[in-house]
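An overview of the molecular structure
Here is how the chains run, residue by residue.
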Amino acid sequence: MKKLLTIAGSDSCGGAGIQADLKTFSAHGVFGMSVITAVTVQNTQGVFGVQDISPDIIQRQIEVIFDDISVDAVKIGMVSKTETIKTIAETLSKYSIQNLVVDPVMVSKSGFHLLQLEAKEALITHLLPMATVVTPNLPEAEVITGLEINTLEDMKKAAHIIYKMGPKYVLVKGGHLEDEAVDILYDGTVFTYYNSPRIDTKNTHGTGCTLSSAIASNLGKGLSIVEAIEKAKNYITIAIENSFSIGKGVGPTHHFYELYKKAGLL
Ligand SMILES: Nc1ncnc2c1ncn2[C@@H]1O[C@H](COP(=O)(O)OP(=O)(O)OP(=O)(O)O)[C@@H](O)[C@H]1O
Ligand SMILES: Cc1ncc(COP(=O)(O)O)c(N)n1
């Protein structure tokens, strides 16, 4: 079984963060491992607090995994602050990482800053150059590039600027566009488009976490970047189509829809 590691924050209500990543890994038939960077106090209505994990514990979690287990792909999500980012980058640089998906998580759907504002530069300097693929949503791409992004042309311009910051590939996600959910992959030369109709639901908690973990799973299994994203886009679209309410606010996507259907559990 392929072995996948997520380095991200815990979401107590289970729809995003580490919990979404591990569910996504399991749905892809890969073995999921986790290094928790921060614990959030979170439900479907918002984020109400954060406890950062100390850099020493983050470093040692990463080290004991890599010293013992061969890791097929890594996904990085919420990294909270500059010190955490530097620790992750320095520790990972001691190992040869085959596939690294960086989801530059900044602000939750509910508006909470999961990345401290002053940590933006550290993320750009230390994590983007290490990434196989970086997956900003539109607000994140705006913060990283300083552009205002409203159209596909703007998304392409942003992808070009982010590409120059060092990742091998850039995927600008269009989940925040009005009509269609179009994601754009840029490899430095060619743009590849991943289209899906916009699904009318409020239950989109953790869509970005889920997509990036699905991409990491597919890369870990040896798929090319174009195929890995194609399959991941299909997976997130089905997960959003079958999303559901669990509380009063923004509900999670269905990480196991296809598997449950086959097993007669639905
Ligand atoms: N309403 C929707 N209908 C169809 N696809 C969507 C919808 N919302 C998001 N997506 C898709 O989900 C994936 C994640 O994109 P999105 O822009 O929502 O990420 P995000 O904002 O980082 O998510 P999050 O912050 O919730 O983790 C993309 O493939 C995007 O196109
Ligand atoms: C720990 C953690 N990581 C990431 C997100 C982003 O997800 P969303 O934008 O759907 O709130 C989150 N809410 N919590």
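Computed from a predicted model, the values in this text were never measured in an experiment.

About the criteria used
- Residues numbered from 1 in each chain as written.
- Chains lettered and ligands numbered in written order.
- Predicted model: local features only at pLDDT ≥ 70, side-chain atom pairs only at ≥ 80, totals over all residues.
- Heavy atoms only, no water.
- Near = heavy atom within 4 Å.
- Polar contact = N/O pair within 3.5 Å; in protein donor to acceptor, adjacent residues only side chain to side chain.
- Areas by Shrake-Rupley, 256 points an atom, 1.4 Å probe, with all protein chains shown as cover.
- Nonpolar A, V, L, I, M, F, W, Y, C, P; charged D, E, K, R; others polar.
- Pairing = 2+ DSSP bridges.
- Helix = DSSP H or I, 4+ residues; strand = E, 2+ residues; numbered from the N terminus.
- Contact = heavy atoms within 4.5 Å.
- Axes fitted to C-alpha atoms, helices over the stretch in contact; angles between N-to-C directions.
- Salt bridge = Lys/Arg side-chain N within 4 Å of Asp/Glu carboxyl O.
- Buried < 20%, exposed > 50% of the residue type's maximum accessible area, 1.4 Å probe, protein only.
- UniProt positions renumbered as here; feature names shortened; annotations may be inferred.
- Phe/Tyr/Trp six-rings, centres within 6.5 Å; stacked < 30°, edge-to-face > 60°.
- Lys NZ or Arg CZ within 6 Å of the ring centre and 35° of its normal.
- Expected span 1.5 Å × (residues − 1).

**Quick word on the site of ligand 2**
Residues in close proximity to ligand 2 total 13 residues, the closest being G9, Q42, K109, H205 and G206. Measuring from a nitrogen atom of ligand 2, one finds a side-chain N or O atom of Q42 at 2.8 Å. Across the complex, the protein chains shield 93% of the 360 Å² of accessible surface that ligand 2 would expose by itself. Class assignment of the residues belonging to the shell around ligand 2 gives a composition of five nonpolar, seven polar and one charged.

**A few points about the sheet that holds strand 7 (residues 169-172)**
Reading across the sheet, the nine strands line up as 3-2-1-4-5-6-7-8-9 and stay open at both edges, with mixed pairing between neighbours. A strand with exactly one partner marks an edge of an open sheet, and here the two such strands are strand 3 (46-52) and strand 9 (191-194). Inspection of the sheet shows strand 1 (residues 3-11) paired to strand 4 (residues 73-76) by four bridges, in the parallel sense. Along strand 4, the bridge assignment pairs L5 with V74. Helix 1 (residues 17-27) contacts strand 1, strand 2 (31-43) and strand 4 of the sheet and is inclined by roughly 150 degrees relative to strand 1.

**Notes on the pattern of salt bridges**
Under the defined criterion, the tally for this structure stands at nine salt bridges. Ionic pairing is found between E63 and K94, a salt bridge with its closest N-O pair at 2.7 Å. Of this pair, E63 sits in helix 2 (residues 55-68) while K94 sits in the loop between helix 3 (82-92) and strand 5 (100-102), and the two are 31 residues apart along the sequence. Take E63: its relative accessible area is 17%, and that puts it in the buried class.

**So, the UniProt feature "domain: Pyridoxamine kinase/Phosphomethylpyrimidine kinase" (unreviewed entry) in the protein chain**
Mapped onto this numbering, the UniProt entry annotates "domain: Pyridoxamine kinase/Phosphomethylpyrimidine kinase" (unreviewed entry) at residues 11-254. In this annotation, residues 11-254 is assigned 39% helix and 17% strand; the end-to-end C-alpha distance for the span is 16 Å.

**Side note on the site of ligand 1**
Near ligand 1 there are 20 residues, and of these K109, N137, K173, D183 and K233 occur at the shortest range. Contact between ligand 1 and N137: an oxygen atom at 2.8 Å from a side-chain N or O atom of the residue. Contact between ligand 1 and K173: an oxygen atom at 2.8 Å from a side-chain N or O atom of the residue. The set of elements that each furnish at least two residues to the shell around ligand 1 consists of helix 7 (207-220) and helix 8 (225-241). Here the element with the most residues in the shell around ligand 1 is helix 7; it accounts for four residues. Per-class residue counts for the shell around ligand 1 are seven nonpolar, eight polar and five charged.

**Describing the packing of aromatic side chains**
Here the structure, examined in full by the defined rule, presents four aromatic pairs. Ring geometry for F256 against Y260: centres 5.6 Å apart, planes inclined by 15 degrees, an arrangement best described as stacked. What makes Y260 partly exposed here is its relative accessible area of 32%. Through a chain of ring-to-ring contacts, three or more aromatic side chains come together here, namely Y163, Y186 and F191. One cation-aromatic arrangement involves K156 over F191; the distance from NZ or CZ to the ring centre is 5.0 Å.

**Structural notes on helix 8**
For helix 8, which comprises 17 residues, the first-to-last C-alpha distance of 24 Å matches the rise-based estimate of 24 Å (1.5 Å per residue) to within 8%. Residues I225, A228, I229, A232, K233, Y235, I236, T237, I238, A239 and I240 constitute the buried set of helix 8.

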